[in-house]
Amino acid sequence: MADTAPATPKTTGLLSLIGHTPMVEVKNLDTGKCRLFLKLESNNPGGSIKDRIALTMLDQAEAEGWLKPGGTIVEATAGNTGLALTLVGVQRGYRVLLVIPDKMSREKIQHVRAMGAEVRLTRSDVGKGHPEYYMDLAESLAQKIPGAFYVNQFANAANPLAHELTTGPEIWEQMDQDVDAFVAGIGSGGTITGVARYLKSVSPKTEAILADPVGSVLAGYVNDGKPSAKGSYTVEGIGQDFIPDTADISVIDRAYSIPDTEAIAAARELLAKEGVLAGSSSGTLLAAALRYCREQTEPKRVVSFVCDTGAKYLSKVYNDGWLADQGLAPKTLYGDLRDVVSRPAAEVISVGPDDTLAVAYGRMRQADVSQLPVMDGGRLVGILDDSDIVHVLDTDEITRTERFAKPVRSAMATKLDTVQVNETLNDLIPIFDRDHVAIVMDGSEFVGLITRVDLINHLKLNQ
């Protein structure tokens, strides 16, 4: 037989990989009498469901002449739409300028910057109508930039159309044309509106369920015809203090208000029991889907989404320390200074007296702290902060390598500012006035450290 050359692998452009995401069934969570399926939108090349709308909105803008070669894409975004617009826009040669609220995870912000987008951070504590509100600011910037196109996902008809044309039909096919309910959130409203329009057109029995964070006004509009109480919430990407133009509330059958704690617990349980790493909004959707499923008295087939990957939330949803700082993790209260300690001794990053300054500095950088307790055989013997390292390095007598090779004991402070757990918050102030960190002891046992930030956070959460 004659030799034949190996077949040339089929290649395709990255944007052609948007959509056609897999569907998985939840197997290890309590879904009552129902079967619950999750569509893994995290498998899109940009890592989220927003890839779909970015492609459709930019295609339409180009077709209608709103976006021309050399133009600038401007958008207000919680992160994922910005990532998707950058993915598509940069490949097509556009400048991308994103206005992002400052509560968004740093992974998202770093991601879009690495892809080439320009980022303008703005306040997350102001509402629509304020010049620093992310949507108002984005619109204002677009008006000032020649050749700019303000995408405005919240009023862009191509947003729900993308889901009506792609996401809905995919679900219908993957579910063998049998869907009793699907659960989605509202950020811009495109997903729930577009999917509901399609599924209800082919399956009148299908219910559209809204998963809404507590603090968003939208669930109230669905259930009671009036807004829910407005408040703050940690979940990113869904929930609003107004009804976006792209959100058709009339297609939604019922809504669940999900607190942050329940959403985050659901996301973490999904990873622990199903191996799916999902973001915070997906936790809200999953929590609502589980509530719906457990309420049913007859078997039903229910679909929801993993909207984006949890890799974008490792510093938040999957960070125990961050959750504790936000008051979102269970915490034993003692009624003394232990309640102010953000990291108990067992979780505190430390060094030994014989470790080098290079080791100590590396641990400070890795843990993003400016001081480390020095432990010797389980006993606190000193504390090292970044100013101690500076003093050692500020010399020309030895080389830089020799300076960093010096042991921690040569730089650490041994005169420690300690307080006992039964002392008061006021006893911390003189320590902070000396620009020191408070070392909390229970007798001779090291309990943990308290910084100014720890005290401020404690007062914020317990005011």
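Residues numbered from 1 in each chain as written. Predicted model: local features only at pLDDT ≥ 70, side-chain atom pairs only at ≥ 80, totals over all residues. Heavy atoms only, no water.

Draft legend 1. Quick peek at the overall build of the protein. The number of helices and strands found in the protein is 15 helices and 15 strands. For the protein, the C-alpha atoms occupy an extent of roughly 75 × 65 × 60 Å along the three principal directions. Burial status across the protein gives 51% buried among its 463 residues. Of the contacts formed within the protein by residues at least 6 apart in sequence, a portion of 66% connects residues at least 24 apart. When the accessible surface of the protein is summed, it comes to about 21800 Å², and 49% of that surface belongs to carbon and sulfur atoms. Of note, the protein has its 46 positive side-chain charges centred 2 Å away from the centre of its 61 negative side-chain charges. (Helix = DSSP H or I, 4+ residues; strand = E, 2+ residues; numbered from the N terminus. Buried < 20%, exposed > 50% of the residue type's maximum accessible area, 1.4 Å probe, protein only. Contact = heavy atoms within 4.5 Å. Areas by Shrake-Rupley, 256 points an atom, 1.4 Å probe, with all protein chains shown as cover. Lys, Arg positive; Asp, Glu negative; His and termini not counted. Charge placed at Lys NZ, Arg CZ, Asp CG, Glu CD.)

Draft legend 2. View of the sheet that holds strand β1 (residues 23-25). Strand order in the open sheet formed by six strands is β1-β2-β10-β7-β8-β9, with mixed pairing between adjacent strands. Every other strand in the sheet has two partners, leaving β1 and β9 (254-258) as the edge strands with one partner each. When the angles between neighbouring strand axes are averaged without regard to direction, this sheet yields 25°. Across six bridges, the pairing between strand β2 (residues 35-40) and strand β10 (residues 301-306) is parallel. Bridging across to β10, Leu40 finds its partner in Val306. Sheet contacts for helix α5 (residues 158-174): β1, β2 and β10; angle to β2, the most-contacted strand, approximately 135°. Its contacts with the sheet put helix α8 (residues 260-274) on β1, β2, β9 and β10, and the angle it makes with β9 is roughly 90°. (Pairing = 2+ DSSP bridges. Axes fitted to C-alpha atoms, helices over the stretch in contact; angles between N-to-C directions.)

Draft legend 3. Highlighting the sheet that holds strand β4 (residues 95-101). Spatially, β5-β4-β3-β6 is the arrangement adopted by the four strands of the open sheet, whose pairing is parallel. For this open sheet the edge positions go to β5 (118-122) and β6 (148-150), each flanked by a neighbour on one side alone. Adjacent strand axes in the sheet meet at a mean angle of 20° when their direction is disregarded. Pairing of strand β3 (residues 72-76) with β4, which is carried by five bridges, proceeds in the parallel orientation. By the bridge assignment, Glu75 is partnered in β4 with Leu98. Strands in contact with helix α3 (residues 106-115) are β4 and β5; relative to β5, the strand with the most contacts, it is inclined by about 150°.

Draft legend 4. Geometry of the nonpolar core. Judged by nonpolar contacts, the single largest core of 57 residues is most densely connected at Ile171, Phe182 and Phe305. The leading source of residues in this core is helix α9 (residues 280-295), at eight residues. Dropping the residues within four chain positions of it, Phe182 is found in contact with Ile192, Val195, Ala196, Leu199, Thr206, Glu207, Ala208, Ile209, Val303 and Phe305. Of all hydrophobic cores here, the second largest spans 29 residues; its members include Ile18, Ala54, Ala117 and Phe149. (Core = buried A, V, L, I, M, F, W, Y, C linked by side-chain atoms within 4.5 Å.)

Draft legend 5. Main features of unusual backbone geometry. Not every positive phi belongs to a glycine, and Asn152 is a case in point at roughly 50°. Mapped onto the elements, Asn152 comes out in the loop between β6 and α5. A positive phi angle, close to 60°, is found at Asp435, a residue other than glycine. Relative to the helices and strands, Asp435 is located in the loop between α14 (429-433) and β14 (438-442).

Draft legend 6. Focus on helix α15 (residues 452-461). Listed as buried for α15 are Asp454, Leu455 and His458. In an axial view of α15, the angular spread of the buried residues amounts to 100°, which keeps them on one side of the axis. Exposed residues on α15 whose side chains face more than 90 degrees from its buried face are Val453, Ile456 and Lys460. Looking at the packing, one finds that the buried side of α15 touches α14 and β15 (445-450). (Arc of directions from axis to C-beta.)

All we've got here are geometric facts, nothing functional implied.
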